[in-house]
There are 2 protein chains.
Amino acid sequence: MKKSLYMDIYGRISSDILSGNIAPGEKIPSKRQMQALLSVSQTTVETAYGALAAEGYIYSRAGSGYYACEIEKPACRAPLPDEITPDEPEPPFGISLSADDTDTSVFPYSAWAKITRETLCGDARLLKRGDPAGDMELRREICSYLREIRGVSCVPGQITVGAGMEYVTGMILQLLPIDAAFALEDPGYKSVYKRLSLAGKSICPVPVDENGLLVGSLSKTPADIVYVTPSHQFPTGVTMPVSRRASLLRWANEKEERYIIEDDYDSEFRYSAKTVPAMQGMDENRKVIYIGTFSRALAPSIRIAYAVLPPALLKKYKELSGDLSSTVSRFEQQTLAAFMNRGLYTRHLRRAGNLYRQKQTLFRSVLSKTPGLRVSGAEAGLHFLVTVEGKSESELKRAAEKEGIRVFGLSDFRCRKSAEDEKSGTLIIGFAGLSLEKIESCAETLRRVWSEL
Amino acid sequence: MKKSLYMDIYGRISSDILSGNIAPGEKIPSKRQMQALLSVSQTTVETAYGALAAEGYIYSRAGSGYYACEIEKPACRAPLPDEITPDEPEPPFGISLSADDTDTSVFPYSAWAKITRETLCGDARLLKRGDPAGDMELRREICSYLREIRGVSCVPGQITVGAGMEYVTGMILQLLPIDAAFALEDPGYKSVYKRLSLAGKSICPVPVDENGLLVGSLSKTPADIVYVTPSHQFPTGVTMPVSRRASLLRWANEKEERYIIEDDYDSEFRYSAKTVPAMQGMDENRKVIYIGTFSRALAPSIRIAYAVLPPALLKKYKELSGDLSSTVSRFEQQTLAAFMNRGLYTRHLRRAGNLYRQKQTLFRSVLSKTPGLRVSGAEAGLHFLVTVEGKSESELKRAAEKEGIRVFGLSDFRCRKSAEDEKSGTLIIGFAGLSLEKIESCAETLRRVWSEL
C-alpha cells in the first residue's frame, strides 16, 4: 500500500467536491491523466478512485469516465478550536511525597525479562483470546498466594484478573444492582469516590476512627455496598480489629443484597510481627468481594489486579463476561504466573519489604527528633502519617512547599472538610519513591521548617 | 516468611475463639508452649500471636500470658453453597465460524519477541506509572497510522490508549452525559448493547439498510449519541457512502451534545481497490469519536485499543484521568510503538490481508457453485454474509450444526427479531480462524447441506 499517496489524491478530490470547487456532475480527470499528472502508479490512482467511488464522491459512466456526485454538505460549520493544548507541565516541586509512589529500583528486572523471553518463545496458543477472567495458570498462583499469605478462602475459579484496580472496581459495579448506594471510608480513596460518582452511583461517606470504618455510622446510611481497606486503612493507616470486622460482617448479613468490597491495600508490606490476614477469611456467608493489585508490589506500569468473587456474583460475572476478553495481555499474565510459581514473587516481596522498612525507619527517626510530631499508621505500607499538634494542615503544607516539598494532608482525602484538620494538621508521608539519601535530607528539612512554625 | 505455618496457628486459634471452643477470657497456650507443641520456630509463633492480638482475638496481660477476647459473632450463618462449579465445557462443534476469530499463524512472532526483549533490556523508567492516556511514543505512531492510512484528522495528544475496545468504550461513556440515550445499529454488536444496558443507559436500536445506519430513523429517536461502523458495518458488512455520512454528520451538528462514535471495525483488511477512509476525516465540527483496536489485526491476546477524542471531550478526559493509570502495560505499549515505527505493522497488515483475502476467495468460490446462495459484505474484514433464498435462518443453522459446524445468523445480532430472517436466512461466515484446508471442506459441506434443503 502506498501510504499517503492515494490518500493525497483522495483527499484533494473529495474536499474539492465537498467545497464545491468541483461541481456536481462535473467530469474529473481520467485515471490515466491523473497518473501522468502526479507521476504515481496505476494502483495508487485506482485505489484513490475506488475509495471515492465506494463512498459516493464520484461515479463512473461506462466508456465516458468519472463524474462528481451531488453531496449534501454537513450543515453549520462551527469555527474550529485552536490546536489541542499540550499537557500542562509537571508542578515545580523538587520532591513529592505521594503515597502512590513506589521504588522501582527493586524490581527484579533480569528475572522478569528472562521469564518474558521464555513466554514469548513458547506457546503460540497464547495469541488466542483467553478466558475473560484470566489465564488459569495465573489464577491458580494468585489463589495459592492469597490462601497462604493472606488467609483468603478461595478456589482459582473465583479469581478474576483485570487491568488495574480501577478496571476491577468497574467490573464489580456491573455485578451489583445498578441503583445500589455505596458507603466509602472518609477519609479514603478520592479516586474510588470519583469513579463511583462518574458512574452515577449515590455515595455515603462514613467516618473512620482509630479502628477503621464506623459500622454504627454505616448502619445509618442507605448504603448496601461498602468499600473498605481493613488491613491498612487508606489514608489513616489503621488496622481494623476483629471485633469491628465481625460487626461489619454482621451488617452485611442483615440483607441479602449487601456486600463488602475489601481492598487489601498495601497488605504486602507489613513492618511489625503483626501480619494481619484478610477479612475475607472470616466471612462465612460469602459477603466479601476481595480485591488486590500487583501494580504497587511489582511496578506501577504492570497493570494486573484481581478480585475474588463470592459465588453469587461469580455466577453473574460468568453470564456477563462470556463475550468479553481479558483486559490483560496473556504474555504478561503468563510471565507473572511463572514468576510466582518459581517463588520469585514472595522473594521479591521480602526484598522490597526490607527496603521499604529501612526507608520508613530512617524517615521516622529523623522526624522523631522534634517533640510535638506524632507518627501513626506506620505498621504497614508505603506511607505513614505525621500529626503536628497545634499547627494547621495548610500551615504545614505551605512550609514544606516553600522548600520544594509537596505533601498531602488528610483533608486531601476527605469527602467533607473537617475543622479538626485546621487545628492539628495530619500529613500523609509517602516515602517509597525517594532514595535513602533523599529521605534523610527531606525529613531533615521538614523537621526543621515544621519546628520553626 | 513461613508461608502457611503461622497462618495455621492463627487459623486454629481464631476459629476456636469465634466458635466458642475457647471461651472469652480463657487463657491460651503461651508462645513457648505453642512452639514446643508444634515444633515451629519462635518467629512463626510470634507472627501468629501478633496477628491475633492486632486483630483483637487475643490480648496479653503483663507477666501472665495471652487470653481470648470476647467477640460478638457475625449473625445468621447461612448454609454455604457447594463448591464453585467449574466452567462449562466448550460446545461440541468441530468448527465454529465466528466473526470474532482471527488467524494467529501470521503473527510476526520473532519480530515481536525481539522488540519485546529490547524493550525489557532498555529503560527502567518504563516501570514507572505512565501517562493515563498511554505512552507518547505509541500515541505518535497510532496518530501517523491513522492520518496516513485511515485519513483521520488528529494529533497525538488526542489519542487515548486502553486495554481493549470494551475498556475504551467504557471510558468514553464516562465523558458523555450520564443520562444520554444511545443509538445502536440493529443488527449490530451485541456486546456493545450489553455493556450499555449494564451501565444503565437507554438504548435506541436503529435499522440498517444496504448503505448502513438509517439516519432518518435515528432522527426519530431521543438518542444524542450514536455508535456506528461505517467502514464495514457489523455484521452486514456494508460500507456507508459519503452522502449518508454527510447526513449523519448533519444530525450530529444539530445539537451541541450530540456525538458519533465511529468504530472503524475491520478497516485494516480490505480486498477491493476501494480503500475507504474513516468518516472522522470528513468531520469539520469535531463530533466524531474515532475508536479502533489492535486485537484483531495483531492477536486477540494483545489488549490494545484506542480512541481519538474530539477537543471538548479531551478536555473532560484530562480532568477525569489525572489520578488514573493506563490500563496497558508500558512494556507492551513500547513494543507496539517500536513495531509500528519500524514499518513492521504495515508489513504485517499486508501479509495478513493477503492470507485473509485468499481464505475468503476460496470460501466464496466453493459456495458460489450453488445457485440461490448470495454472498454480500465481502469487500472487507474477517467475515462475509451468505443469504439463501427461501430458506429460514434456523433451517440453515440446523443443517450446518448437524455436520458439526456452528454458524451465526443475522438474528443473533439483532435487538429486535425480524420476520425477514425466517423467510430468507442470512448467515455470518467468519472464515479467519480456519486453515485453507479446513475452509475448503467446510465450505463444501455447507454448500452440500444447504442445497439439499
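Not measured: the values here are computed from a predicted model.

1. Details of the relation of the copies chain B and chain A
Okay, step 1: When chain B is brought onto chain A, the operation consists of a screw motion whose angular component is 180° and whose axial shift is 0.0 Å, with 0.1 Å RMSD remaining. Seen this way, the second copy is the image of the first under a two-fold rotation axis.

2. Some details on the interface of chain B and chain A
Okay, step 1: On the side of chain A, 105 residues touch chain B, which itself brings 105 residues to the contact.
Okay, step 2: Taking both partners together, chain B and chain A bury about 9,200 Å²; carbon and sulfur atoms supply 60% of that area.
Okay, step 3: Across the contact surface, chain B and chain A share zero salt bridges.
Okay, step 4: A breakdown of the residues in the side of chain B that touches chain A according to their chemical character gives 48 nonpolar, 26 polar and 31 charged.

3. Some points on the packing of helix α13 (residues 393-402) of chain A against helix α15 (residues 436-451) of chain A
Residue and element names in this part refer to chain A.
Okay, step 1: Put simply, α13 and α15 touch, their axes get as near as 9 Å, and they point 130° apart. Looking at the two axes, α13 sits oblique to α15. When the axes of α13 and α15 are compared, the crossing they make is right-handed. Only L446, V449 and W450 of α15 make contact with α13, whose side of the interface consists of L396, A399 and A400.
Okay, step 2: Among the residues forming the contact of α13 with α15, the class breakdown is six nonpolar, no polar and no charged.

4. Things to note about the domain arrangement of chain A
Okay, step 1: Splitting chain A by domain gives domain 1 (5-68), domain 2 (95-102 + 347-451) and domain 3 (123-342).
Okay, step 2: One C-alpha centre belongs to domain 1 of chain A, the other to domain 2 of chain A, and the line joining them spans 66 Å.

5. Remarks on the sheet that holds strand β16 (residues 408-409) of chain A
Residue and element names in this part refer to chain A.
Okay, step 1: Here four strands make up an open sheet; going across it, the order is β13-β14-β17-β16 and the pairing antiparallel. The sheet is open, and its two edges are formed by β13 (373-376) and β16, each paired on a single side.
Okay, step 2: Bridge count between β13 and strand β14 (residues 383-388): four bridges; the pairing is antiparallel. Bridging from a neighbouring strand, R374 pairs with T387 of β14.
Okay, step 3: The strands touched by helix α12 (residues 344-367) are β13, β14 and β17 (425-430); relative to β14, the strand with the most contacts, the crossing angle is about 10°.

6. Structural notes on the nonpolar core
Okay, step 1: In this structure, F363 and W450 of chain A together with F363 and W450 of chain B are the most contacted members of the largest nonpolar core, which totals 144 residues.
Okay, step 2: Leave out the neighbours within four places in its chain, and W450 of chain A touches L373, V386, V388, L396, A399, A400, L427 and I429 of chain A.

7. Thoughts on the sheet that holds strand β2 (residues 58-61) of chain B
Residue and element names in this part refer to chain B.
Okay, step 1: On the basis of which strands lie adjacent, the open sheet formed by three strands has the order β1-β3-β2 and antiparallel pairing. Edge positions in the open sheet fall to β1 (27-28) and β2, since each of these has one partner strand only.
Okay, step 2: Judged from the two bridges that link them, β1 and strand β3 (residues 65-68) form a sheet pairing that is antiparallel. Bridged to I28 within β3 is Y66.

8. Quick look at helix α9 (residues 242-253) of chain B
All names here are of chain B.
Okay, step 1: End to end, α9 covers 16 Å across 12 residues, agreeing with the expected 16 Å (1.5 Å per residue, within 8%).
Okay, step 2: Along α9, 11 of the 12 residues are buried, which leaves the element largely enclosed by surrounding structure.
Okay, step 3: Contact partners of the buried residues in α9: β7 (203-209), β8 (212-213), α8 (215-219), β9 (225-228), β10 (259-263) and β11 (288-293).

9. Here's the deal with unusual backbone geometry
Okay, step 1: Looking along the chain, the bond that leaves D186 of chain A and enters P187 of chain A is cis, with omega of 5°.
Okay, step 2: Its location among the elements puts P187 of chain A in the loop between β6 (182-186) and α7 (190-198).
Okay, step 3: In this chain, F234 of chain B is followed by P235 of chain B through a cis amide linkage whose omega measures 0°.
Okay, step 4: Note on placement: P235 of chain B falls in the loop between β9 and α9.
Okay, step 5: A positive phi angle, close to 55°, is found at D266 of chain A, a residue other than glycine.
Okay, step 6: Within the element layout of this structure, D266 of chain A appears in the loop between β10 (259-263) and β11 (288-293).
Okay, step 7: Judged by relative accessible area, D266 of chain A falls into the buried class, the value being 3%.
Okay, step 8: Unusually for a residue other than glycine, R286 of chain A sits at a positive phi of about 55°.

10. Looking at the pairing of β11 of chain A
Residues and elements named next belong to chain A.
Okay, step 1: Within β11, six of the six residues are buried, leaving the element largely enclosed by the surrounding structure.
Okay, step 2: Every second residue of β11 is oriented toward a common face, with V288, Y290 and G292 on one face and I289, I291 and T293 on the other, all of them buried.
Okay, step 3: The sheet contact formed by β10 and β11 spans four bridges and is parallel. Along β11, the bridge assignment pairs E262 with Y290.

11. Some thoughts on the confidence of the model for chain A
Residues and elements named next belong to chain A.
Okay, step 1: Across chain A, pLDDT averages 88, with 93% of residues at or above 70.
Okay, step 2: Every residue in residues 75-82 is under pLDDT 50, and counting partners more than four places away or in other chains gives 13 contacts.
Okay, step 3: Overall fold confidence (pTM) sits at 0.82, and the ipTM for the predicted complex is 0.80.

Criteria and thresholds
- Residues numbered from 1 in each chain as written.
- Chains lettered and ligands numbered in written order.
- Predicted model: local features only at pLDDT ≥ 70, side-chain atom pairs only at ≥ 80, totals over all residues.
- Heavy atoms only, no water.
- Least-squares fit on C-alpha atoms with pLDDT ≥ 70 in both.
- Contact = heavy atoms within 4.5 Å.
- Buried area = accessible area lost by both parts, 1.4 Å probe.
- Salt bridge = Lys/Arg side-chain N within 4 Å of Asp/Glu carboxyl O.
- Nonpolar A, V, L, I, M, F, W, Y, C, P; charged D, E, K, R; others polar.
- Axes fitted to C-alpha atoms, helices over the stretch in contact; angles between N-to-C directions.
- Helix = DSSP H or I, 4+ residues; strand = E, 2+ residues; numbered from the N terminus.
- Parallel < 35°, antiparallel > 145°, perpendicular 65-115°, else oblique.
- Left-handed = near helix turned anticlockwise from the far one by under 90°.
- Domains from an automatic or database assignment.
- Pairing = 2+ DSSP bridges.
- Core = buried A, V, L, I, M, F, W, Y, C linked by side-chain atoms within 4.5 Å.
- Buried < 20%, exposed > 50% of the residue type's maximum accessible area, 1.4 Å probe, protein only.
- Expected span 1.5 Å × (residues − 1).
- pLDDT = per-residue confidence, 0-100.

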